[in-house]
Amino acid sequence: MHLVIPFACALSDPGRQALGALTLPHLASLLALLTPGERDTGDEYQLSPPHERVLARALGWAGADGALPWAAQAAAADGLDTGELAWGLLSPVHWQVGRDHLTMGDPEALELDAAESRAFFEAVRGQFESLGWLAAWGAPTRWYVAHESLTALPTASLDRVIGRNPDLWMPEHPAARLVKRLQNEVQMLLYTHPLNDEREARGLATLNTVWLSGCGLRQPAHHAAPTVLDSLRAPALAEDWAAWTAAWRALDGGPLREALAAAQRGEPLTLTVCGERHAQSFAREPRSLLAALRGRWQRKEPAAMLAEL
């Protein structure tokens, strides 16, 4: 069993305050049984967040920062024939225009159903296909494009950009020039599109742009994928720290309580907790009684450990 917990901490002051007030007894007991293992180190400015790096390594993938082929994997899961093409995830999103900068919303916040999403997709696909790209619809918030220029194009993960200024995360790679041009054309098309007029009339946010991420050729999974406990993601991206705290407590009282019971029975277990910069793994390994006692006395409380991620 390998459990991965993304968004286990946050760097913002409100997020740190919420973390400092958390009590996670089952996680604390679990950490007392586990031995610290591999640590993935990075910073908050990398295009691929720690949990994506951990998952890619667990699957046996190779790829530079921001060049992990999540789009091709998701496209295959959505039933598309990915072939030998390089794919990118084209997410429909809303950019909120502020006085000083833009903020990118979560695609899920658009609440697109299949019919509306398909209508928007059909409106923009021609911008890509006219230049020899392949475009395909996978799900309401998952559109795909394929083109040879996406083979090694580094892009920022959605999980890096949601709630932040997308201008700061635009790719600087030479192959990104065409991507930026296409994005601008899509924005102009959507600005006056009747579908957005209908959304505004209903009091909904407009779909005014797209975000490209997860580019590359599909890679086979050489190992079984870990179990990702992602209930912290949505509240963390929304900076809803009350909901994030509640989600952490639910994790502690549910999956982590079950993992603790498994570890106490001596079952193999790896736990990886991921922040915005680093990821830390812990594993159930044989230890002498002295080492186990030393670990109990020397271990940090969960909140202190998580704050370092």
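Preceding block: the structure.
Computed from a prediction, not measured in an experiment: that's the story for all the values here.

Novice: What exactly am I supposed to notice about the environment of Ala-146 here?
Specialist: As for its placement among the helices and strands, Ala-146 is situated in strand β7 (residues 142-146). Sequence separation of Ala-146 and Glu-129 is 17 residues, and the distance between their C-alpha atoms is 9.8 Å. Excluding anything up to four places from it in sequence, Ala-146 contacts Leu-85, Ala-86, Trp-87, Trp-133 and Leu-134.

Novice: Where do I start with the pattern of salt bridges in this structure?
Specialist: Side-chain pairing between opposite charges can occur once the charged atoms of the two side chains come close. In the structure shown here, the tally under the stated rule is 12 salt bridges. Salt-bridge contacts for Arg-233 lead to Asp-159; the nearest nitrogen and oxygen are separated by 2.7 Å. Highlighted residues: Arg-233 in helix α9 (residues 233-237) and Asp-159 in helix α6 (residues 158-161), separated in sequence by 74 residues. Residue class for Asp-159 comes out buried when judged on its relative accessible area of 13%. With its nearest N and O atoms 3.2 Å apart, the salt bridge here joins Glu-185 to Arg-181. Of this pair, Glu-185 and Arg-181 are both found in helix α7 (residues 176-191), four residues apart, which corresponds to roughly one turn of the helix.

Novice: Explanation requested: helix α8 (residues 194-201) in the structure shown.
Specialist: Residues lying three or four places apart along an α-helix face the same way, a consequence of the helix completing one turn every 3.6 residues. Those residues of α8 not exposed but buried are Leu-195, Asn-196 and Arg-199. Projected down its long axis, α8 shows its buried positions confined to an angular sector of 95 degrees, all on one face. The outward face of α8, more than 90 degrees from its buried face, is lined by the exposed residues Glu-200 and Ala-201. Of the residues trailing α8, Gly-203 is marked for its positive phi of about 75 degrees.

The rules behind these values
Residues numbered from 1 in each chain as written. Predicted model: local features only at pLDDT ≥ 70, side-chain atom pairs only at ≥ 80, totals over all residues. Heavy atoms only, no water. Helix = DSSP H or I, 4+ residues; strand = E, 2+ residues; numbered from the N terminus. Contact = heavy atoms within 4.5 Å. Salt bridge = Lys/Arg side-chain N within 4 Å of Asp/Glu carboxyl O. Buried < 20%, exposed > 50% of the residue type's maximum accessible area, 1.4 Å probe, protein only. Arc of directions from axis to C-beta.

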